[in-house]
Amino acid sequence: MQTKFLLDESQMPKYWYNLQADFPEPLPAVLHPGTQQPVGPSDLEPLFPMELIQQEVTTEREIEIPQPVRDVYQLWRPAPLYRAHRLEKALGTPAKIFYKYEGVSPAGSHKPNTAIPQAFYNQQAGIRTLTTETGAGQWGTSLSFAGSLFDIDVTVFQVRVSYDQKPYRRAVMETYGAKCVPSPSELTEFGRKVLADNPDHTGSLGIAISEAVELAVQDPNTKYALGSVLNHVLLHQSVIGLEAMQQMEMADCWPDVIVGCTGGGSNFAGIAFPFMGHALRGGEKSRIVAVEPSACPTLTRGKYAYDYGDTAHMTPLTKMHTLGSGFTPPGFHAGGLRYHGMAPMVSHAKELGLFDAVSYTQKECFEAGVLFARNEGIVPAPEANHAVKGAIEEALRCKREGKDEVILFNLCGHGHFDMAAYTAYFAGELSDHEYDDQELAMALSGLPSVSA
Ligand SMILES: Cc1ncc(COP(=O)(O)O)c(C=O)c1O
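What comes next concerns the included structure. Predicted model, so just to flag it, every value in this text is computed and none were measured.

All chains considered together, the criterion is met by three cavities of 30 Å³ or more. By volume, the largest cavity amounts to about 350 Å³. Of all the secondary-structure elements, those providing two or more residues to the lining of the largest cavity are strand E6 (129-134), helix H6 (138-150), helix H10 (205-217) and helix H12 (266-280). For the lining of the largest cavity, a count of residues per class yields 11 nonpolar, 15 polar and three charged.

Have a look at this one:
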């Protein structure tokens, strides 16, 4: 009964996979926030180096992973694939459950898969400083780690609620040499404006992005890095699914169902897109399920419309599932899933019917995570608990239907810095936010009117 499916370093992917090559219809254009005309590379230049801008728009299927990036990936990649024998037994399911574990990275999640190439391309372009936002702290940690390896200063705006909940995340970022600032902050004009309106603002990813972008556009030696949502981020995360494909073959199985959690969509895309592309090219088809929190139900209750990526409306307009850029999700314990929008590529795939989306409340996700930890040993990040919950629900369905389907899910990070959330769960202090239609309609009423 094999438990771990391990690849040799020589089997690590040498190319990232780009789903844009296999979409039956192209992605809708990205629009300039001022003119509402399609953006060109020069519009994005204040924010990103040209190599990443090109990766944003390319429809090439395979993009070579530069050798210096692969050298760093080798610190933890290829990441293991596990068969969850004990969880299967605990559930009494005939299903076979596999999970790809991304928590083996130095930062504890999938986020370094894109932090490393982003730092690399910025270093190649002569950039000295990167600014960014972080929700859970996983992305800020990852970019801080990447900055330390590629000699780039990093300033991280950490969403206030997460900054307060997780002081040790900040300590890790500082250990890597980064500066970590709670957002909203006094450091930017937009942060000062938000604080003037509400000095106790708990922050949001949308606000933190606005602050990071504001600093980046003021200095030609500073650029901005985003930990999710953008096409190039999803491209970098494809290493997860590309490895998992090889590992499923080692296990002599192919997934009937693939499950991932969605905040901005990057870890979900990482595991799912290579399989989606395989099916679009005529290969075996897997059913794919995205799991999001009921308190931030972007895919299940949001609108597919043009919207801004940030609260101050400095970013381009992209067509995506959104709850409205003014939406501040409640301070629940999966900080990485508190984003008002969704990756345009994930949204496009949803519109094309390439996957299903479901939502769960935080308490049922913690319950799933605790069951997982007590059987498989790994304590998942609260974000990853959503994927665990989704996989368990699929396994229980298989039990009811007497099916021995193969379920693959992405365990995108460990929860070692999230233990305060687990303590709150055990103390019965967590509440499930019921999202009311009126609140949702109000947030959506602020969507920009776009003629495209
Ligand atoms: C562990 C973990 N999982 C998931 C996410 C959500 O992001 P994404 O949907 O881009 O994977 C985050 C974001 O911070 C995270 O830290």
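Now, onward.
Moving on, we come to the layout of surface pockets. Rolled over the atoms, a probe with the dimensions of a water molecule shows which regions are left empty. Counted as a void, the largest pocket has a volume near 640 Å³. Lining the largest pocket we find 33 residues, and of these Val 30, Glu 56, Leu 230, Asn 231 and Thr 318 sit closest to its centre. When the residues that make up the lining of the largest pocket are grouped by side-chain class, the tally is 24 nonpolar, seven polar and two charged.

Once that is clear, we can look at helix H17 (residues 419-426). One turn of the α-helix equals 3.6 residues, which is why residues spaced by three or four share an orientation. Looking at H17, one finds that the buried residues are Ala 421, Tyr 422, Ala 424 and Tyr 425. The arc that holds every buried residue of H17, seen down its axis, measures 160 degrees, which confines them to one face. When the buried face of H17 is taken as reference, the exposed residues oriented beyond 90 degrees from it are Thr 423 and Phe 426. Next to the buried residues of H17 lie helix H15 (362-376) and helix H16 (382-401). Taken from the residues just after H17, Gly 428 is the one with a positive phi, measuring 70 degrees.

If you walk through the whole model with that rule in mind, you get 19 salt bridges. With a closest N to O distance of 2.6 Å, Lys 166 and Asp 418 form a salt bridge. In this pair, Lys 166 sits in the loop between helix H7 (160-165) and helix H8 (167-175) while Asp 418 sits in the loop between strand E15 (406-411) and H17, placing the two residues 252 residues apart along the sequence. Just as Lys 166 is buried, Asp 418 falls in that class too.

Strand order in the open sheet formed by four strands is E8-E7-E6-E9, and the pairing between neighbours is parallel. The two strands at the open ends of the sheet, each matched to only one other strand, are strand E8 (179-183) and strand E9 (222-224). On average, each strand axis in the sheet is inclined to that of its neighbour by 25 degrees, with strand direction left out of account. Taken strand by strand, H10 contacts E6, strand E7 (153-159), E8 and E9, and its axis lies near 170 degrees from that of E6.

Reading the values: the criteria
Residues numbered from 1 in each chain as written. Predicted model: local features only at pLDDT ≥ 70, side-chain atom pairs only at ≥ 80, totals over all residues. Heavy atoms only, no water. 1 Å grid on protein atoms, 1.4 Å probe; cavity = no way out; pocket = protein on both sides within 12 Å on 5 of 7 lines; lining within 4 Å. Points joined across faces, edges and corners; volume = space filled by probe spheres on them. Helix = DSSP H or I, 4+ residues; strand = E, 2+ residues; numbered from the N terminus. Nonpolar A, V, L, I, M, F, W, Y, C, P; charged D, E, K, R; others polar. Buried < 20%, exposed > 50% of the residue type's maximum accessible area, 1.4 Å probe, protein only. Arc of directions from axis to C-beta. Contact = heavy atoms within 4.5 Å. Salt bridge = Lys/Arg side-chain N within 4 Å of Asp/Glu carboxyl O. Pairing = 2+ DSSP bridges. Axes fitted to C-alpha atoms, helices over the stretch in contact; angles between N-to-C directions.

Read these as geometric descriptors, not functional statements.
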